[in-house]
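# A structural walkthrough
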Amino acid sequence: MKRHDDKPSKAGRPVQRGQCAKRLSILEAAAEVFCREGFSGASIDEIAAEACVSRQTIYNHYREKGTLFTAVVEDVMDRSNAALFSVLATFPDTADNLENELTTFAVRLNQSCLCNHDGKFLRKLVYSEGERYPHLFESWRQHGPGKVGSALAALFSRLAHKGVLVIDDLDLAARQFLALVNADLQMTVLFGETPSDELLERTARHAVRTFLRAYSVQRPAPLAASLEA
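Quick summary incoming for the structure in this document. What you are looking at is a predicted structure, and each value in this text was computed from that prediction instead of being measured.

## Digging into the packing of aromatic side chains
The final tally for this structure, using the stated rule, is 10 aromatic pairs. Aromatic pair Phe156 and Phe177: ring centres 5.4 Å apart, planes at 70°, arrangement edge-to-face. With Phe156 in helix α8 (residues 145-161) and Phe177 in helix α9 (residues 170-183), this pair connects stretches of sequence that are 21 residues apart. The burial state of Phe156 is the same as that of Phe177; both residues are buried. Taken together through their ring pairs, the aromatic side chains of Phe91, Phe105, Phe156, Phe177, Phe211 and Tyr215 make up a single cluster. Taking NZ or CZ as reference, Lys65 lies 4.6 Å from the ring centre of Phe39, over its face.

Written out as C-alpha cells, the structure is:
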C-alpha cells in the first residue's frame, strides 16, 4: 500500500527532493560545460544532455543561459568560500613549531585556493568571462579571496599579541604572506597544471621562512643551511 507521504504534491517532500536533485544535477552539468566551453560556446542542449534532463526543465528552473551561468558561479563560490574558511580555521595558534605549522597551513591554503576543482573553475572563468560579468566576479573577489587578507591579518595579530611576531602593519603582512605563498605556483597553475605535493611543500617552506625572517622574534636560520643540516 502506498504511504500518504509518498504521494507527489506541490507541498510534498518527494516533489521537493526531486526538484532539488534536478537543480543540483543541472548546476553540476552546467559547471562542467561552462568550464569546458566557456559561456559563449556552451549550449543549453549540451547542458541538458549532460544533466540527463530536458531542455525545457532547464528553462523552467533558470529561464535563460545567463541566469543559469550566474547560479553556477554563485554555487561554486559558496563551496569555494566554505572550503577556504575551513582552512583558515586550522591556522596555528601557538609558537610551538611555528615554521612547520605555518608551512602545513600554507600547503592547505594553496590546495584549497589553487589546486581544487572549484578553485580552478573560478580562476578559468575569471580569465574568460570576467569582462562579461564584472559585478559577479567583483562580488566573489570581495567576499571570497578579498576576505582572506583581513582574516589572515586577524590571525597574525593573535601571534603578535603573544609576542611571537613583530608586525607593524598587519594587513600588509597578510598580503605579503599570500604573495609569498603563491609566488612560485603562478606559472604552473596559469597553464592548467596541478602542482605536485613536493612543489607545494617546497613553495610553502620557502614562503614561510622568508616571512618569518621578516616578522618573527626568533629569526630562522638561512634556508640553504637548514637543508644541508
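## Things to note about the pattern of salt bridges
Scanning the model with the defined rule gives 11 salt bridges in all. Among the ionic pairs, Arg36 bridges to Glu50, the shortest N-O distance being 3.3 Å. Of this pair, Arg36 sits in helix α1 (residues 13-41) while Glu50 sits in helix α2 (residues 44-51), and the two are 14 residues apart along the sequence. A salt bridge links Arg202 to Glu198; its shortest N-O distance comes to 3.7 Å. Of this pair, Arg202 and Glu198 are both found in helix α11 (residues 197-215), four residues apart, which corresponds to roughly one turn of the helix. Classification of Arg202 by relative accessible area gives partly exposed; the value is 40%.

Conventions and cut-offs
- Residues numbered from 1 in each chain as written.
- Predicted model: local features only at pLDDT ≥ 70, side-chain atom pairs only at ≥ 80, totals over all residues.
- Heavy atoms only, no water.
- Phe/Tyr/Trp six-rings, centres within 6.5 Å; stacked < 30°, edge-to-face > 60°.
- Helix = DSSP H or I, 4+ residues; strand = E, 2+ residues; numbered from the N terminus.
- Buried < 20%, exposed > 50% of the residue type's maximum accessible area, 1.4 Å probe, protein only.
- Lys NZ or Arg CZ within 6 Å of the ring centre and 35° of its normal.
- Salt bridge = Lys/Arg side-chain N within 4 Å of Asp/Glu carboxyl O.

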